[in-house]
Every structure is written in C-alpha cells, then in structure tokens.
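Given next are the chains, with one letter for each unit.
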Amino acid sequence: MIELRELTIHAGDCQLQRLSLTVAASEYAVLMGRTGMGKTTLLESICGLRKSVSGQILIQGIDVTDWPPGDRAIGYVPQDLALFPTMLVAEHLAFALRLRRWTKHEINSRVDELASVLGLTDLLKRGITYLSGGERQRVALGRALAFRPVVLLLDEPLSALDERTRDEMHALLRDVKEKTGVTTLHVTHNSDEAAALADSRYELSEGALIRKSA
C-alpha cells in the first residue's frame, strides 16, 4: 500500500503542493500527465531519492518519509533503466540480494526463479549491450523485483519499445502483478498502456493529483 498525505515537493520550477494519494495493497495504479508536471519527481520522493518539503509518505501503513531509500522496501525502475554495462544479466538480478547479504544458495535460487518468470533463463550469462530493448526492460524489472519489494515504482518503463514488444511487456506486467501481488505505481504518457494495465488511474496536472476512471 502507498499513501501520500498532504505531500509537498519543490524541485526547481516543479512545485507539487499538498498531494494526497492512496494505492491499495496489490493495486496497479497508473499516473499520467504532461512532460514537466513532476511525475518523476513524485516517484523519486516516494522511493527516497528526493526530499519532500512537508507531508508524509506511508508504505504498508508505516511512515517512511525520513527513511533512507534502501530501507523502504521499494523496487524502482527509472526511465533510463540505470543498468550497469559491465554486469551480466545474472549479476543484475543478484545485485540487490548481495547488498542485503542473502546467502549464495538463496541468491542463485531467486535469480533462477526471476529468470523463469521474466523469460531471461537463456540470457543470464549475456552482457547488457547484447540485449534488445525489451530484454533490457525485463532485466531492469527483475532487478527491481529481486528482493521481493512491497511496492514497485515504474517510470515510463515501456516508452522506448516498439508496439509489438510493448504488448508483450503489458502481458508480462499483468502476469507479474498476478504472481507477486506487488503494489505498483506506473508512470506513462500512453493512454493505451494505461487502459491495458491500470486498476486505477491518476493525472498530475498543475501540481494537483486528479483521480480518473480506470
């Protein structure tokens, strides 16, 4: 569950004032809005990469407003994916687990599980530069899901994909939601994408959050 209470964020010319939002547990929410409205700024604040001015951020009912990013149990896929060019696919999937000191057996088991779900089993020993756009998206999603976060934040995750690959990712994201139950907030400009995925839809406009019909 994600809950924002009167959240205010200032980032340069972007001024988000007293935003309130509730995404229920296991819900897939989509956030839309024009470029420059602050959608990425909002995601960065939720996951702890940007400080808010006032208000509260609650995850699973716990106030995490002042918590460091690594303690918030949030998986985040930024728009540029932020994949490491020197790492293999398997190393990306294991990255967050090593930081959390999982055992080697636990890491190997989880990497195999993720690879199976995301269709990456045959790519585990491949470098990022040898992957297609859709394959890179799958790796970034797997890295974010690896440690079993309670919340998943996706920033324009499918914007660079062709139509066929985007449709495949729609199906994958629906499957991930069904299998993991992770609460998801997904930023997109694409209304077809929102229609395919959203349980609930919001629009960020002129610093305000507006609930739309799903």
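Right above here is the structure, for reference.
Now for a look at the structure at hand. Keep in mind it's a predicted model, so treat the numbers as computed, not measured. (Residues numbered from 1 in each chain as written. Predicted model: local features only at pLDDT ≥ 70, side-chain atom pairs only at ≥ 80, totals over all residues. Heavy atoms only, no water.)

Two elements in contact, helix α4 (residues 133–145) and helix α5 (residues 163–180), have axes separated by 11 Å at closest approach and are oriented at 20°. Of the possible angle classes, the one that applies to α4 and α5 is roughly parallel. For the element pair α4 and α5, the recorded crossing hand is right-handed. Note on element contacts: α5 touches α4 through Thr165, Glu168, Met169, Leu172, Leu173 and Val176, opposite Gly134, Gln137, Arg138, Leu141 and Leu145. Taken together, the residues of the contact of α4 with α5 break down into 6 nonpolar, 3 polar and 2 charged. (Axes fitted to C-alpha atoms, helices over the stretch in contact; angles between N-to-C directions. Helix = DSSP H or I, 4+ residues; strand = E, 2+ residues; numbered from the N terminus. Parallel < 35°, antiparallel > 145°, perpendicular 65-115°, else oblique. Left-handed = near helix turned anticlockwise from the far one by under 90°. Contact = heavy atoms within 4.5 Å. Nonpolar A, V, L, I, M, F, W, Y, C, P; charged D, E, K, R; others polar.)

Moving on to the sheet that holds strand β9 (residues 200–205). If you trace the 6 strands from one edge of the open sheet to the other, you get β6-β7-β8-β3-β9-β10, paired in mixed fashion. Both outer strands of the open sheet, β6 (74–77) and β10 (208–212), are each paired with one neighbouring strand and no more. Taking each pair of neighbouring strands and ignoring which way they run, the sheet shows an average axis angle of 20°. (Pairing = 2+ DSSP bridges.)

A few words now on the layout of surface pockets. The volume enclosed by the largest pocket comes to roughly 460 Å³. If you go around the largest pocket, you meet 19 residues; those closest to its centre are Ile74, Gly75, Tyr76, Arg100 and Phe147. Secondary structure elements with two or more residues in the lining of the largest pocket: β6, α2 (89–99) and α4. Within the lining of the largest pocket, the residues separate by chemical class into 15 nonpolar, 2 polar and 2 charged. The space that makes up the second largest pocket amounts to roughly 210 Å³. (1 Å grid on protein atoms, 1.4 Å probe; cavity = no way out; pocket = protein on both sides within 12 Å on 5 of 7 lines; lining within 4 Å. Points joined across faces, edges and corners; volume = space filled by probe spheres on them.)

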